[in-house]
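Here's the letter readout for the chains.
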Amino acid sequence: MRWKEKLRLRWRSLVRRGRVERELDEELRFHLDEQIAENLAAGMSAEEARYAARRTVGGVEQIKEACRDMRGVSVLRDLGQDVRYGLRMLAKNPGFTAAAVLTLALGIGANTAIFTIADAVLLRLLPVKDPERLVLISRPDKHGGYNGIRYAAFEHLRDHNSVLSGIFGIIMPQTTAVTIDGQAELVNAQIVSGSYYSTLGVSAMLGRTITSQDDRMPEGSSVAVISYGYWERRLHGVSAVIGKKIAINGFPFTIIGVTPPGFFGLMYGEAAHITVPISLQSVMTGRGYLQDTRKDWFVGSIGGRLKPGMSLENARANLDLVFRQTLGPEQQKGEPQLSVVSGSRGFWLIRDRLATPLVILAAMVGLVLLIACANVANLLMVRNAARRKEIAMRLALGVSRPRLIRQLLTECVLLAVLGGAVGLLVAVWTGELLVGLVSRGPFPISFDFHLDARVLGFTGGVSVLVGVLFGLVPVARATKVDLTIDLKAAGGRGGSPMGFDLGRILIVAQVAVSLLMLVGAGLFVRTLRNLRELDPGFDMEKVLVFSIEPTLVGYQDVQLRKLYEEILEQVRGLPMVHTASLSRLGELTLGGLATRTVSVPGYVPLPNETPEIHANFVGPNFFETMGMALTRGRDFLPQDNQDAPNVAVINETAARRFFGSASPIGRRITIDDTPDEFELVGIVRDAKYQSLRENHISMLFLPCFQFPPDHLQRMTYEVRTAGNPASVVAAVRKQIQRIDPNIPLYNVRTLTEQANQSLMPERLVATLASLFGLLALVLVCVGLYGIMAYRVGWRTQEIGVRMALGAERGNVIRMVLREALLLVSMGVAVGVPVALALARLVASLLYGLKAGDAGTIWAVVGLLVLVAAVASYLPARRASRVDPMAALRCE
């Protein structure tokens, strides 16, 4: 109980400080009066009794201080005094304070912004109940992908596992046509079982969520839950949304609930705006009818919640065993083990794409912060040098060196805290810039970006750490004074121009670190430029692309083919349209190409080789529209339909692979072991199909109208125009709305925009690396200017002597510039080898250049020298204008 009593006394001393001090005064006065009374009784005079009592009791103020120390409140009292004194000193030097705070704000703000994004994308758990107990269950295939799970197998897992307290099925977000108040648009929708929300522990903000009662065939209108963001954007946040009728893929639905803000589903970054029960799969996939049995239902993945105390390994073993009970003996032999992983952060598609860029950017902003710390440390040393007489006086008056260090460090921490507060504003602006850059990619990203308690805690922790980091060495050096010398003068003693003092070492370190960042930025910028200037194998200029998915609004079979042909005909007839075509998959759409197994007469596969080839279904005049040159043969024609002989076109890589130097024109191949043969009628130039980074791959092009409609559920149109492609967008929309107003267009953009959007990760890294590299350069420039200005002021008398002895202004300028450029040269000498070593770590992110690219390094070195010369010229010019007589009179 002793520690509780101490705690109670300390708390009382803090909250009732005045009363405690009065009680202490009264107690000391009582003891003093008692001693005086004893002395008077012993025969002393009144004055003698008073002096003797004071000698016996001791120094009153010392006793009070000892009592305060015993109560443990002196440290807090001293801290309060240090804070108040530090604030007065910072206010007394507004120029120094503003420079230091702004410098730290840039470093801390950039780090806070990157941490906020990294926390949201990589670290933050799902906003659900006990997310650490969630698991995600998938059925892997032999090729590294995943297979769907039959609903019957899901039910068996639900009813017979012994490791999960709850389980749900889910089909990830997919594009869906939604019509609200007569206006159609495409949104992301997901399909879930009725136990989805209850297992996650997510309740509706308005209305209710989907329940197990909804896992049955609907009668009349079906139900849907919408996200908070979609409710605000599309339905203006009105509370009367519950019960509102909407159409999904042409089928009636009723909105029954709105999820809370911040919950985007399990596919982090790809928000599910609409959620429907699993019984509505056929409607959501565009088949437009309701199944009357559950045998055809399936789930893409399964999620569950572990029972308390259950490990992931035990869950994996039990769930795999239960799942295999749903398979036949032959299926069990080739079935991989069920994948069971932690679901606390949801699915990782977006995280995988952004993890590497964010790690690189985090390293870069960390270096920016180090440069900012070095800058402020230099500023502190200059300021502390001007305070040497003050510091010497305080030490001479009896202040202990540890107490003085603590007070000076408090000033440093105050600077850092102020810098962190301003840095939060920088973080908000930088974070919005980051979100804008990421969200302009081909897959817009949705996540909860805000300054919450975790971010504020990070900023506060970094601020305090930075305050100690940049202040410890300058403060320790400042308190090492020579009282005999420093009490006589306001400054310190200059050193040799070639001396290696701490300020110079910090400048060398700043130059080296900024060189690392600038080299990295240069490599990423040149990579982006190389990719943009790359010949993709097709002409991107004056091409408009857009996609439609008519199956979502009920088009099937023959209707589908006629619709595609009618749209193609109408678009070709528009003014300014030179030609148009369509394809199953557009260019540079980041994946999705089908893979086909081909059989080529005369070609003998290598050992363990499967003769596979990537395939795309395209329309008539596709190669002319895309500007892809045919090296031999012809383009597809409108006559290449179901009634015509099967034809195909391959690219140069496929021709070399399967036919060598022989001509493939007129040769026949079979696809996927079907009896149908395809005659090769053309060879097209190699191009980039999925990514500008990809190596040339073997490609097979097939006429889309020669194949059944199930190959044509979603198509992309390519329109080559005579002028600006944007000028025909309105006319294209009008023509399609005239054909069917329920067909929404999506991914409407120029081919050039699509190529630029495919470079989102490269653009993100290059833009921010350049931004942070230039920030580091500015900080180095400011630091170099500060240290050289300080050195010039420190050497005023020396410069005056030199000029009195005949030195010209040009000589003085060259002397100062030589010293600055020497520091830069030493920084370059340190930074170049480190940059060459670190560049190899990011070699996989580069394109068209080596990690140790000499041109980039020389350009950065030249930029650093130029900036250093400019930053040093002003102090050098000021030094050259020193009046020799005035300099000789100053001490």
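Just so it is clear, the model here is predicted, and its values are computed rather than measured. Numbering of residues starts from 1 in every chain and runs along the sequence as written. Reporting of local features is limited, given that this is a predicted model, to residues whose pLDDT is at least 70; pairs of side-chain atoms are given and counted only at 80 or more, and all residues count toward the totals for whole chains, interfaces and linings. Remark: hydrogens and water are excluded; side-chain values derive from all non-hydrogen atoms of the structure.

## Focus on the overall build of the protein
Secondary structure counts use DSSP, requiring at least four H or I residues in a row for a helix and at least two E residues in a row for a strand, with both numbered from the N terminus. Regarding its fold elements, the protein presents 28 helices and 24 strands. For the protein, the residues scored as buried account for 50% of the 891 residues in total. Contact definition: two residues touch when any of their heavy atoms are within 4.5 Å. Across the protein, the fraction of contacts at a sequence separation of at least 24, relative to all contacts at a separation of at least 6, is 81%. By element, 58% of the accessible surface of the protein is carried by carbon and sulfur atoms, the whole surface being about 41,100 Å². Partly exposed residues are those whose accessible area sits between 20% and 50% of the maximum for their type, while under 20% is buried and over 50% is exposed, using a 1.4 Å probe and protein chains only. We get accessible surface area from the Shrake-Rupley algorithm with a probe of 1.4 Å; when it comes to residues, only the shown protein chains can shield them.

## Quick notes on the pattern of salt bridges
Should a side-chain nitrogen of Lys or Arg be within 4 Å of a carboxyl oxygen of Asp or Glu, the pair is scored as a salt bridge. In this structure the tally under the stated criterion is 14 salt bridges. When the shortest N-O distance is used, the salt bridge between Glu-155 and Arg-158 registers 3.8 Å. With Glu-155 and Arg-158 both in helix H7 (residues 151-160), this residue pair falls 3 residues apart, about one helical turn. Among the ionic pairs, Asp-535 bridges to Arg-685, the shortest N-O distance being 2.1 Å. Highlighted residues: Asp-535 in the loop between helix H18 (502-533) and strand S14 (543-548) and Arg-685 in the loop between strand S21 (677-684) and strand S22 (699-703), separated in sequence by 150 residues. The exposure class of Asp-535 is partly exposed, given its relative accessible area of 44%. Salt bridges linked by common partners bring Glu-155, Arg-158 and Asp-159 together as one network.

## Comments concerning the environment of Gln-559
For Gln-559, the position within the fold is in helix H19 (residues 557-572). Expressed as a C-alpha distance, the spacing of Gln-559 and Pro-709, which sit 150 residues apart in the sequence, is 9.0 Å.

## Description of a nonpolar patch on the surface
The residues that make up patches have over 30% relative accessible area and no salt bridge, and they are joined within 9 Å when like-charged or within 5 Å when they are Val, Leu, Ile, Met, Phe, Trp or Tyr. Residues Val-417, Val-464, Val-468, Leu-472 and Val-473 make up a contiguous nonpolar surface patch of roughly 360 Å² in combined accessible area. A total of 4 residues in the nonpolar patch trace back to one element, the largest contributor, which is helix H16 (residues 453-478). Position of Val-468 among the secondary structure elements: in helix H16.

## As for the environment of Ile-650
Mapped onto the fold, Ile-650 is located in strand S19 (residues 647-651). For the pair Ile-650 and Ala-615, spaced 35 residues apart in the sequence, the C-alpha separation amounts to 9.2 Å. Those residues in contact with Ile-650, other than ones at most four positions away along the chain, are Ala-655, Phe-659, Pro-664, Leu-680, Gly-682, Ile-683, Val-684, Met-699 and Leu-700.

## Brief notes about the nonpolar core
Across soluble globular proteins, you tend to see nonpolar side chains buried next to one another. Judged by nonpolar contacts, the single largest core of 90 residues is most densely connected at Met-628, Phe-701, Phe-772, Leu-784 and Leu-864. Tallying contributions element by element places helix H24 (residues 760-794) first for this core, with 15 residues. Apart from residues no more than four positions distant in its own chain, Leu-864 is found in contact with Val-511, Ser-514, Leu-515, Leu-518, Leu-777, Val-824 and Val-828. Within the second largest apolar cluster, 47 residues are counted, among which are Ile-613, Phe-678, Cys-704 and Leu-712. What makes a nonpolar core is a set of buried Ala, Val, Leu, Ile, Met, Phe, Trp, Tyr and Cys residues whose side-chain atoms join them at distances within 4.5 Å.

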